[in-house]
Amino acid sequence: MCNMIFEKDIFLNNYTGVVISGFGDKDIFPVLVCYKISGYIKGFLKYKIDMYEKVDLEMDQCIIPFAQVDIVNTFLRGISLDYINIIEKSFNYNILNLIDKIDENKISKTEKDELKKEMNCRFEKVIKNILEYSQQEYLVPVLRAIRYLPIEELSSMAESLVNLTSFKRQVALDEKALTVGGPVDVAVISKADGFIWIKKNNILSQNIIIIFLKIIIEK
């Protein structure tokens, strides 16, 4: 069982993530790779690629949040994705379950199944319309704007999104842990200038990045 934990694609809840972004020697556009790391034992580092994104001519911009992503996603989409889940659960409980409770003397089981199928189909169209509106009215305008923002404003935008999450965690008395906060380091990576610190508060963050990069490359 212990061997399987390290050999198989099994990642428990206590894993960490490392995000590497920038330009390779042959890259014209930036690339982002997110690694999920679950442990290190006897020279073996357990990790896998959890996300791979590459800017190209078809997708020339993107905003990708990590860790606690709910606040950033709400800002970008105008609605929390948690609301979609609540709507779906409420629909199943208040509509579909009600159909099951209809007396079979009034409607047969086959008719119930057909009615539920039709209701599900219409509900999926409703959710699709909501997500399309969210994308067109909220996400697309932001993505369209970042195409033309200078690097200094892009870095300021990234810092603001982190601070927005930090502020929400400070003032909200909810079950989510306060893991976003404190000084924010901001850096920009460009093809011409490479890695440049825009705002640097602590050398520790740079050391952590170098350590994980070294481990991943060696292993």
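Predicted, not measured: the structure shown is a model, and the values here were computed from it.

Brief notes about the confidence of the model for the protein
Alright, step 1. Counting all residues, the mean pLDDT for the protein is 79, and 86% of those residues have values of 70 or more.
Alright, step 2. For the protein, the element scoring lowest by mean pLDDT is helix α6 (residues 203-218), at 52; helix α4 (residues 109-146) scores highest, at 87.

A closer look at the environment of Lys168
Alright, step 1. Examined against the element boundaries, Lys168 turns out to sit in helix α5 (residues 151-171).
Alright, step 2. Take Lys168: its relative accessible area is 31%, and that puts it in the partly exposed class.
Alright, step 3. Distance in space between the C-alpha atoms of Lys168 and Ile71 is 7.8 Å, their sequence separation being 97 residues.

Digging into the sheet that holds strand β2 (residues 31-41)
Alright, step 1. Here we have 3 strands laid out as an open sheet, ordered β1-β2-β3, and antiparallel in their pairing. What marks the edges here is a single partner per strand, and that holds for β1 (16-22) and β3 (44-54). Across the sheet, the mean angle separating the axes of adjacent strands is 25 degrees when strand polarity is ignored.
Alright, step 2. With 10 bridges connecting them, β2 and β3 associate as antiparallel partners. For Cys34, the partnering residue across the bridge sits in β3 and is Met51.

A look at a nonpolar patch on the surface
Alright, step 1. A surface patch of nonpolar side chains, about 350 Å² in accessible area, is lined by Ile28, Phe29 and Leu57.
Alright, step 2. Looking at where Leu57 falls in the secondary structure, it is placed in the loop between β3 and α2 (70-77).
Alright, step 3. According to the relative accessible area criterion, Leu57 is exposed, its value standing at 75%.

Some remarks on the pairing of strand β5 (residues 194-199)
Alright, step 1. In this sheet, β5 lies alongside strand β4 (residues 186-190) in antiparallel orientation, the contact comprising 5 bridges. Paired with Val188 across the two strands is Ile196, which belongs to β5.
Alright, step 2. Between β4 and the antiparallel strand that follows it, β5, lie 3 residues.

A few points about the pattern of salt bridges
Alright, step 1. Tallied over the entire structure, the rule returns 3 salt bridges.
Alright, step 2. Arg122 is the partner of Glu118 in a salt bridge, and the nearest nitrogen-oxygen pair spans 2.9 Å. Of the two residues, Glu118 and Arg122 are both situated in helix α4; the distance of 4 residues between them amounts to about one turn of the helix.
Alright, step 3. Take Arg122: its relative accessible area is 52%, and that puts it in the exposed class.
Alright, step 4. As a salt-bridge pair, Glu159 and Lys199 come within 2.7 Å of each other at their nearest N and O atoms. On the criterion of sequence distance, the pair formed by Glu159 in helix α5 and Lys199 in strand β5 is long-range, its members being 40 residues apart.

A few points about the nonpolar core
Alright, step 1. Val72, Leu76, Leu139, Val142, Leu143, Ile146, Met157 and Leu161 together form the largest nonpolar core, which totals 8 residues.
Alright, step 2. Sorting the residues of this core by element identifies α2, α4 and α5 as the ones contributing at least two each.
Alright, step 3. Ranked by the residues each element gives to this core, the list is headed by α4, at 4 residues.
Alright, step 4. Beyond its immediate stretch of four places on either side in the chain, Val142 contacts Ile63, Leu76 and Met157.

Observations concerning the packing of helix α3 (residues 81-100) against α4
Alright, step 1. Contact geometry of α3 with α4 gives a least axis separation of 11 Å together with a crossing angle of 160 degrees. One finds that α3 runs roughly antiparallel with respect to α4. Between α3 and α4 the crossing geometry is right-handed. Contacts between α3 and α4 involve Ile84, Ile87, Glu88, Phe91, Ile95, Leu96, Ile99 and Asp100 from the former and Lys112, Leu115, Lys116, Met119, Asn120, Phe123, Ile127, Ile130 and Leu131 from the latter.
Alright, step 2. When the residues that make up the contact of α3 with α4 are grouped by side-chain class, the tally is 12 nonpolar, 1 polar and 4 charged.

Cut-offs used in this document
Residues numbered from 1 in each chain as written. Predicted model: local features only at pLDDT ≥ 70, side-chain atom pairs only at ≥ 80, totals over all residues. Heavy atoms only, no water. pLDDT = per-residue confidence, 0-100. Helix = DSSP H or I, 4+ residues; strand = E, 2+ residues; numbered from the N terminus. Buried < 20%, exposed > 50% of the residue type's maximum accessible area, 1.4 Å probe, protein only. Pairing = 2+ DSSP bridges. Axes fitted to C-alpha atoms, helices over the stretch in contact; angles between N-to-C directions. Patch = residues over 30% accessible without salt bridge, like charges linked within 9 Å, V, L, I, M, F, W, Y side chains within 5 Å. Areas by Shrake-Rupley, 256 points an atom, 1.4 Å probe, with all protein chains shown as cover. Salt bridge = Lys/Arg side-chain N within 4 Å of Asp/Glu carboxyl O. Core = buried A, V, L, I, M, F, W, Y, C linked by side-chain atoms within 4.5 Å. Contact = heavy atoms within 4.5 Å. Parallel < 35°, antiparallel > 145°, perpendicular 65-115°, else oblique. Left-handed = near helix turned anticlockwise from the far one by under 90°. Nonpolar A, V, L, I, M, F, W, Y, C, P; charged D, E, K, R; others polar.

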